[in-house]
Amino acid sequence: TDIPVLGGWISSVFSTMVVITMSACSNNDNTAEELPLNHPLPFNFLFIVQDADGNDLLDAKTPGNILSQPIKAIYNGKELPLDSMKDKWVPANPIEINFSGLTLQEGGDSYYLEFGLFDSLKDYKNETFIIDWGDGSTTTVTFSRYYDRTPTGEKKDFHYEVLVNGKQKETDWIKIVK
């Protein structure tokens, strides 16, 4: 007769563990922007492009949008036209990191450009890429994301810096006004 009591006890403990685990994982107040800068997830750079009135110039329905321009990124000596690598990668698993170049993404009622993905476990020091907007203008992004390491290779101090056209980036999004 002890087995049903033990089974009920195990079931109660298991149920409690599931509730605690789900509660810890489902904090609706957390967003990707709140992750610490040295998180182990892949990272990318996000661009919104607007005119002086705040209209989304990446939306095909916006008059005067820039989608017909030959937009491209230049990184490590390679020209990467907009969306040229978008459909060339199928992930083998959900955390696989694959550089997919410059892609147009839809986010709710607006559009943005994504450049990446970059492996956050690698060190990047003064890496530079350029977005050529296809109208004669460019945006230069220089970034560093690395750890100082002890002589034995242990991670010490974390460094993260992004400069857009030589100015320190102050938000997670890079806003371009054209």
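Here the structure is a predicted model, which means the values were calculated and not measured.

(A) Region of interest: the overall build of the chain. Per the secondary structure count, the chain includes one helix and 10 strands. Listed N to C, the secondary structure of the chain is α-β-β-β-β-β-β-β-β-β-β in terms of helices and strands. For the chain, with 178 residues in total, the buried portion stands at 28%. A separation threshold of at least 6 residues defines the contact pool for the chain, and within that pool the share at least 24 residues apart is 47%.

(B) How the structure looks around the pairing of strand β5 (residues 110–118). Two strands pair when backbone bridges link them, and strand β1 (residues 43–50) and β5 are joined in this way by five bridges, in the antiparallel orientation. Paired with F43 across the two strands is F118, which belongs to β5. Linking strand β4 (residues 102–107) to β5, which pair antiparallel, is a turn of two residues; within it G108 sits at a positive phi near 70°.

(C) Broad picture of the nonpolar core. Membership of the largest hydrophobic core comes to 26 residues, with the highest contact counts inside it found for F45, F47, F115 and F129. Those elements that provide at least two residues to this core are β1, β2 (72–75), β4, β5, β6 (124–132), β7 (138–149), β8 (155–164) and β10 (173–177). Ranked by residues supplied to this core, first place goes to β1 with four residues. Each residue touching F115, except ones within four places of it in the same chain, is listed here: N44, F45, F47, A73, Y75, L80, F99, G101, L102 and F129.

(D) The environment of P81, seen in detail. If you trace the backbone, P81 turns up in strand β3 (residues 78–81). Its relative accessible area of 41% is what places P81 among the partly exposed residues. When the C-alpha positions of P81 and G101 are compared, they lie 8.1 Å apart, and in sequence the two are 20 residues distant. In this structure P81 touches I71, K72 and L102, once residues within four positions along its chain are discounted.

(E) Layout of the sheet that holds β5. The four strands lie next to each other as β4-β5-β1-β10, forming an open sheet whose pairing is mixed. Two strands in the sheet have a free side with no partner beyond their single neighbour: β4 and β10. Geometrically, the sheet is characterised by an average inter-axis angle of 35° between neighbouring strands, direction not taken into account. Strand direction decides the pairing type here: β4 and β5, joined by six bridges, are antiparallel. In the strand pairing of β5, Q105 is matched with Y112.

What counts, and where the lines are drawn
Residues numbered from 1 in each chain as written. Predicted model: local features only at pLDDT ≥ 70, side-chain atom pairs only at ≥ 80, totals over all residues. Heavy atoms only, no water. Helix = DSSP H or I, 4+ residues; strand = E, 2+ residues; numbered from the N terminus. Buried < 20%, exposed > 50% of the residue type's maximum accessible area, 1.4 Å probe, protein only. Contact = heavy atoms within 4.5 Å. Pairing = 2+ DSSP bridges. Core = buried A, V, L, I, M, F, W, Y, C linked by side-chain atoms within 4.5 Å. Axes fitted to C-alpha atoms, helices over the stretch in contact; angles between N-to-C directions.

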